[in-house]
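Given next are the chains, with one letter for each unit.
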Amino acid sequence: MSRIGNAPITIPKGVKVKTEGQTIAVEGPKGKLSFDVPEPISFALEGEVITFKRPNDEQKIRALHGMARAMTNNMVVGCSEGFKKTLEIIGVGYRAAVKGRNIDLTLGFSHPVSYPLPDGVDAEVDKEGKLHLSSANKALLGSVAADIRRYRPPEPYKGKGVRYAGEHIIRKEGKARGKK
């Protein structure tokens, strides 16, 4: 059984945490984030450590306890170090270019696709054509990466499309041609 909610969160140097009621606000070199802790869960900020407590061991309360701790830890890590995701664009003529706050994708359609980046997410394309996304907000970063991947998910025959770095695509064999 997971006991993530019981683990304390140590706040690294350079990160400020403010609490007001049930709201935790984190500010660091990579950005500012805030989170409203669900009502039955209580928390305490003592020096450089945040701890979370739950009133009882009901299933729903235990789930909220772990979620509140995980969300707060993601905010602390995001504001201090940030999160990164890399997308690989595989295919002849498939490429990405960052222009201002937009990502222009050429993915084999009859038209280019332009994806507007939300505030808090940065993107860059390296020489190999990989798209690197970075943000302090882990959930927003994952959502942006999934939206971009959704334009052209990798297909199982040739493997062309947009995939996460390190993602394994199960390949299929093409049509077997028999002799007459």
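Structural data are supplied above this passage.
Residues numbered from 1 in each chain as written. Predicted model: local features only at pLDDT ≥ 70, side-chain atom pairs only at ≥ 80, totals over all residues. Heavy atoms only, no water.

(A) Spotlight on the overall build of the chain. The number of helices and strands found in the chain is two helices and 13 strands. Here the C-alpha radius of gyration of the chain, 21 Å, is well above what a compact globule of 180 residues would show, namely 16 Å. Across its three principal axes, the chain shows a C-alpha extent of roughly 75 × 45 × 25 Å. Of all 180 residues assigned to the chain, the portion counted as buried reaches 32%. (Helix = DSSP H or I, 4+ residues; strand = E, 2+ residues; numbered from the N terminus. Rg over C-alpha atoms; globule rule 2.2 N^0.38 Å. Buried < 20%, exposed > 50% of the residue type's maximum accessible area, 1.4 Å probe, protein only.)

(B) View of the pattern of salt bridges. Tallied over the full model, the rule gives six salt bridges. The shortest N-O distance in the salt bridge between Asp-57 and Arg-54 comes to 2.9 Å. With a shortest N-O distance of 3.6 Å, Lys-99 and Asp-104 are connected by a salt bridge. Note on Lys-99: relative accessible area 55%, which makes it exposed. Of the residues examined, Asp-104 reaches a relative accessible area of 22% and is grouped as partly exposed. (Salt bridge = Lys/Arg side-chain N within 4 Å of Asp/Glu carboxyl O.)

(C) Quick look at the side chain of Ser-80. In this structure, Ser-80 sits in helix 1 (residues 59-80). Residue classification places Ser-80 among the buried positions, given a relative accessible area of 19%. Polar contacts involving the side chain of Ser-80 include one to the main-chain carbonyl oxygen of Val-76, which spans 3.0 Å. Leaving out residues up to four positions away in the same chain, Ser-80 has contacts with Pro-12, Val-15, Pro-29 and Lys-30. (Polar contact = N/O pair within 3.5 Å; in protein donor to acceptor, adjacent residues only side chain to side chain. Contact = heavy atoms within 4.5 Å.)

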